[in-house]
Amino acid sequence: MSIYKTSQDTYDFTRVKELDRIAIKLSGGADSAAVGLMLWDTIHNTCPDTDIVVCTTRHQGKVFQEDHSRAVMNWLCNKYPNVKVHSHLINQNPAYKIQGKPNVSIQYVKYQEHLMDYCYDELGVQGHFSGITRNPPKEVYEQFYHKPGTDNGALMLGPTDNRDSQEEKRPHLDWGLRKIWTPLVNTDKKGVAEIMDLFNAREELFPLTWSCELYVWPEGRHEQHCDDCWFCKERLWGFGSYK
């Protein structure tokens, strides 16, 4: 099987069988985990000789990104033991600390692209997947306010790029020699939950993922979602729970 359908979209992975090696940006979040489900399943069913390079860029002060991406990858490999992972590449996006303020990250996308350049130039990757999703409806996220006493109960800030559903976006792009798939670009978090349900994977896979964007400094780890950032609110809206 290489075509998957939910109420929000149809996800066509048939071109994966044309490639010998493919990469996926695996952040440890639910979105890239759902893309991973469809990618591993496609290779398992249609092209077992294709292997995967897993790429993770983590913010300094967000070591949990590495923890959860590794947990998701291990779960997928256990579910599909015949799918070959060539390597799991991890790099770190530096950040600096301002007294009394959140950590400031430097050029996260730039560090992601460093990994992708290495994949294409040195490892022979022929295409890659990313788990970017659509925002919830505007009337939903306009209700994402901080708790009273936190940032004066202000409206929360979400993704800096435009992920609103103003028009349908292309899930595939040929950029020179690079094939780039963003299959969830027209799918929101409720649709991501549907994908996990297609595989009966929500109970096991979803708790391994992480959405909270709260920094832990220095190299700390979260024990629970903060329930006071945009990405926590989006996760709760989409899945009905944090775990």
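Preceding this section is the structure that the text describes.
It should be emphasised that the depicted structure is a prediction, and the values quoted were computed from it without experimental measurement.

*Asks:* Please set out the pattern of salt bridges residue by residue, giving values where relevant.
*Replies:* Under the definition given, this model contains 11 salt bridges. One salt bridge in this structure joins E66 and R58, with 3.1 Å as the shortest N-O distance. There is no split in this pair, since E66 and R58 are both buried. A salt bridge links E66 to R70; its shortest N-O distance comes to 2.9 Å.

*Asks:* Can you tell me about the packing of helix α1 (residues 30–46) against helix α2 (residues 64–79), naming the residues and giving the values?
*Replies:* Closest axis-to-axis distance for the α1/α2 pair is 10 Å, and the angle between their directions is 25°. In this view, α1 runs roughly parallel relative to α2, as classed from their interaxial angle. Regarding α1 and α2, the two cross each other, and that crossing is right-handed. Side by side, α1 and α2 meet where A33, G36, L37 and W40 of the first sit next to V72, M73, W75, L76, C77 and K79 of the second. Tallied by class, the residues present in the contact of α1 with α2 amount to 8 nonpolar, 1 polar and 1 charged.

*Asks:* Before we move on, could you go through the packing of aromatic side chains and cite the residues and values that matter?
*Replies:* How two aromatic rings sit relative to each other is given by the distance of their centres and the angle of their planes. Tallied over the entire structure, the rule returns 8 aromatic pairs. A centroid spacing of 5.6 Å and a plane angle of 40° characterise the contact between Y4 and F199, whose relative ring orientation is tilted. Of the two residues, Y4 sits in strand β1 (residues 3–5) while F199 sits in the loop between α5 (189–198) and α6 (202–205), which places them 195 residues apart along the sequence. With respect to class, Y4 is no different from F199; both count as buried. With centroids separated by 4.0 Å and ring planes inclined at 15°, the aromatic side chains of F206 and F239 adopt a geometry described as stacked. You can see F206 sitting in the loop between α6 and α7 (230–239) and its partner F239 sitting in helix α7, a full 33 residues away along the chain. Here F206 and F239 have matching classes, each one buried.

Rules used in this analysis
- Residues numbered from 1 in each chain as written.
- Predicted model: local features only at pLDDT ≥ 70, side-chain atom pairs only at ≥ 80, totals over all residues.
- Heavy atoms only, no water.
- Salt bridge = Lys/Arg side-chain N within 4 Å of Asp/Glu carboxyl O.
- Buried < 20%, exposed > 50% of the residue type's maximum accessible area, 1.4 Å probe, protein only.
- Axes fitted to C-alpha atoms, helices over the stretch in contact; angles between N-to-C directions.
- Helix = DSSP H or I, 4+ residues; strand = E, 2+ residues; numbered from the N terminus.
- Parallel < 35°, antiparallel > 145°, perpendicular 65-115°, else oblique.
- Left-handed = near helix turned anticlockwise from the far one by under 90°.
- Contact = heavy atoms within 4.5 Å.
- Nonpolar A, V, L, I, M, F, W, Y, C, P; charged D, E, K, R; others polar.
- Phe/Tyr/Trp six-rings, centres within 6.5 Å; stacked < 30°, edge-to-face > 60°.

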